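Descriptive analysis of the structure
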Amino acid sequence: MRYHIWTLGCQMNVADSQLLASELEKRGHHAAEDWEEADIWVINTCVVRQSAEDKAYGRLNELKHLKQRHPGKIIGLMGCLVGVRDPLRLRKQLPQVDVFLPPSDPAPMIDFLSQHSAEGEAIQAEAAARAERDALQDGELLLPQHERNALISAHVPVVYGCSFACSYCIIPFRRGIEHSRPVGEIVGHVRSLGRQGVKEITLLGQIVDRYGKDIPDGPTLADLLRVVHGVAEETGIERIRFLTSHPNWMTDRLLDTVAELPRVMPHIEVPNQAGDNEVLARMKRGYTIEQYIDLVGKIRDRIPEVAIHTDIIVGFSGETETQFQRTYDVLAQLRLDKAHIAKYSPRPNTLSARSMPDDVPADEKERRRKALDDLQAQVVAEINARWLGKTVPVLFEEQHRGKWRGRTPQNKLVFVDSSENLFGRVANVEITWTGPWSMQGRLPGRQSDPAPEVIEILPIASTQ
Ligand code: 5AD
């Protein structure tokens, strides 16, 4: 059968969709060229904010009408809308859905397909699946066909779930308790990706710097990075990143490990969420803004030329104008390389939704969001301008409107005009133009570009 997966939300969902695609292909199913042609439709969902949840329901509605016309289609609903705790609670409300898949778990779809396919087909598919499984070692992942030797950057979950309780956050309710993957399994996963042409991996966890905390005498993220670095050297993976970190678990040892290991990129994603201590306390973040500012200083001292990214929530319950202004001032002072700015959205069952009013009006939240976005655009334009004329190693991922598109170690987007095949290569690039969202450059020693055509890539609205 042919499948199509829509992936909404965070990088963890991207990884989960890839795992599902891999499991489907092991059993002889193929990605559809065109989603309308697919026999199996899966929506992998995000509910971190109401707007993300609305997107999932929008798609579900569309598929409901299509299913009335084509009753043979199989509809799967995956991810955080489903959740790990009570995956079937939506069954009555969504009769168009045939299969509910909790986050990171393709098994319900595989079981459904084996129960519903003709017996002979099922036996054949099982045999094929067994052969594939036997060929794969612990943790190894067979990329979906269209990604084999075609995907440069891939994600590797290392911590599932989250046991921390930020008062606004629904993730722990939907992804379940924190659970680190064993090192051996991660090694298998990374090695298999390297063998299939992947050049960059990003280790993922809701709080990735808590890696190993749930394993008695377990390894730390620093230990894991060291092991993964060895696998990367063996298999030609050029770059390693990890996200998202929580300020309270960013140890000196972790920072020193990042600085020491050449394939681990100088790129840290560590959200502060707010710049005011009272707001941080109500968010239950577990640190003060002074501690966060110190941490940023320490990261910069220990990791040369590091890029630091943050997440901010504006319009949290009770956030006054003065408190918002503190967040603004902190961002202006810290000059971070990227800030994902989100408007507070109360989520079911969270502490803030249950006990704190959503009392900042919608237009005020929007004003605050825009103020921070404008500030960041200016700050990042200035930060990026410092790269002008410098030569930086860029890992190229794909061609985009006739230009090669790649990223610097700091994860900044760079476009280069070149007739050479740069796919999957790290090449030194001289930066010739910079803007807040992207840069342009040329390969040194080549003819200079004609007058630079300005490409502005809009920041991708983070729905993670
Ligand atoms: N409302 C708005 N933003 C949220 N985030 C998490 N929960 C909410 C919410 N209820 C944001 C945080 C987090 C990012 C993934 O999403 O900034 O870091």
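Residues numbered from 1 in each chain as written. Predicted model: local features only at pLDDT ≥ 70, side-chain atom pairs only at ≥ 80, totals over all residues. Heavy atoms only, no water.

The pLDDT averaged across the chain works out to 94; a share of 94% of its residues lies at or above 70. In this model residues 450–464 is a low-confidence stretch, pLDDT under 50, and it forms 35 contacts with partners more than four residues away in sequence or in other chains. (pLDDT = per-residue confidence, 0-100. Contact = heavy atoms within 4.5 Å.)

Domains assigned within the chain are domain 1 (2–135), domain 2 (138–265), domain 3 (298–385) and domain 4 (387–458 + 460–464). Its C-alpha centre places domain 1 at a distance of 25 Å from the equivalent point of domain 2. Across the contact, 26 residues belong to domain 1 and 25 residues belong to domain 2. Both sides together, the interface formed by domain 1 and domain 2 hides about 2000 Å², and carbon and sulfur atoms give 59% of it. When the area that domain 1 buries against domain 2 is broken down by residue, the three leading residues are Q11, M12 and Q18, summing to 31%. Put simply, domain 1 and domain 2 have 2 salt bridges between them. Its salt-bridge partner being R175, residue D16 comes within 3.4 Å of it at the nearest N-O pair. Taken together, the links from domain 1 to domain 2 amount to 8 residue pairs in polar contact (both at pLDDT 80 or more). Looking at the side of domain 1 that touches domain 2, the elements that each hand over two or more residues are helix 1 (11–26) and helix 4 (119–135). If you tally residues by element for the side of domain 1 that touches domain 2, the top one is helix 1, at 12 residues. For the side of domain 1 that touches domain 2, the residue count by class is 14 nonpolar, 6 polar and 6 charged. (Domains from an automatic or database assignment. Buried area = accessible area lost by both parts, 1.4 Å probe. Salt bridge = Lys/Arg side-chain N within 4 Å of Asp/Glu carboxyl O. Polar contact = N/O pair within 3.5 Å; in protein donor to acceptor, adjacent residues only side chain to side chain. Helix = DSSP H or I, 4+ residues; strand = E, 2+ residues; numbered from the N terminus. Nonpolar A, V, L, I, M, F, W, Y, C, P; charged D, E, K, R; others polar.)

Enumeration according to the criterion identifies 6 aromatic pairs in this entry. Note on Y168 and F316: the rings are 6.2 Å apart at their centroids and 80° apart in plane angle, and the pair reads as edge-to-face. You can see Y168 sitting in the loop between strand 7 (159–160) and helix 5 (171–175) and its partner F316 sitting in the loop between strand 12 (307–314) and helix 11 (321–334), a full 148 residues away along the chain. Assessed through its relative accessible area of 10%, Y168 is described here as buried. By relative accessible area, F316 is classed as buried at 0%. Ring pairing ties together the aromatic residues W6, W35 and W41, which thus form one cluster. Lying across the ring of W249, R210 places its NZ or CZ 4.7 Å from the centre. The residue whose ring lies beneath K390 is W387, and the NZ or CZ to ring-centre distance is 5.6 Å. (Phe/Tyr/Trp six-rings, centres within 6.5 Å; stacked < 30°, edge-to-face > 60°. Buried < 20%, exposed > 50% of the residue type's maximum accessible area, 1.4 Å probe, protein only. Lys NZ or Arg CZ within 6 Å of the ring centre and 35° of its normal.)

Helix 10 (residues 289–302) packs onto helix 8 (residues 252–260) with a crossing angle of 35° between their chain directions and a minimal axis gap of 9 Å. When you trace helix 8 past helix 10, the crossing you get is right-handed. Within the contact between the two elements, helix 8 uses D252, L255, D256 and A259 and helix 10 uses K298, I299 and R302. Grouping the amino acids of the contact of helix 8 with helix 10 by side-chain chemistry returns 3 nonpolar, no polar and 4 charged. (Axes fitted to C-alpha atoms, helices over the stretch in contact; angles between N-to-C directions. Left-handed = near helix turned anticlockwise from the far one by under 90°.)

Below, the discussion takes up the packing of helix 10 against helix 11. Where helix 10 contacts helix 11, the two axes come as close as 12 Å, and the packing angle between them is 15°. Between helix 10 and helix 11, the angle falls in the class roughly parallel. The way helix 10 lies across helix 11 gives a crossing that is right-handed. Contact with helix 10, carried on its side by I289, Y292, I293, V296 and R300, involves V330, Q333 and L334 of helix 11 and no other residues of that element. (Parallel < 35°, antiparallel > 145°, perpendicular 65-115°, else oblique.)

Reading across the sheet, the 3 strands line up as 6-9-10 and stay open at both edges, with parallel pairing between neighbours. Two strands close off the open sheet at either side, each with one partner strand: strand 6 (153–157) and strand 10 (239–243). Averaged over neighbouring strand pairs, the angle between their axes works out to 25° when direction is ignored. As paired strands, strand 9 (residues 200–204) and strand 10 are joined by 5 bridges and run parallel to one another. Pairing of L204 across the sheet is with L243, part of strand 10. Sitting on the sheet, helix 1 is in contact with strand 6, strand 9 and strand 10, with an inclination near 95° to strand 6. Against the sheet, helix 6 (residues 183–195) engages strand 6 and strand 9, with an angle of about 170° to strand 6. (Pairing = 2+ DSSP bridges.)

Let us look at helix 3 (residues 107–116). For helix 3, the complete set of buried residues consists of M109, I110, F112 and L113. One side of helix 3 carries all its buried residues, which in axial view fall inside an arc of 160°. The secondary structure elements touched by the buried residues of helix 3 are helix 1, strand 3 (40–45), strand 4 (74–79) and strand 5 (99–101). (Arc of directions from axis to C-beta.)

Helix length check: helix 7 (residues 221–235), at 15 residues, gives a terminal C-alpha distance of 20 Å against a target of 21 Å (1.5 Å per residue), a fit within 8%. Buried within helix 7 we find L221, A222, L224, L225, V228, H229, V231, A232 and T235. The secondary structure elements touched by the buried residues of helix 7 are helix 6, strand 9, strand 10 and helix 8. The positive-phi residue at the C-terminal boundary of helix 7 is G236, with phi of around 80°. (Expected span 1.5 Å × (residues − 1).)

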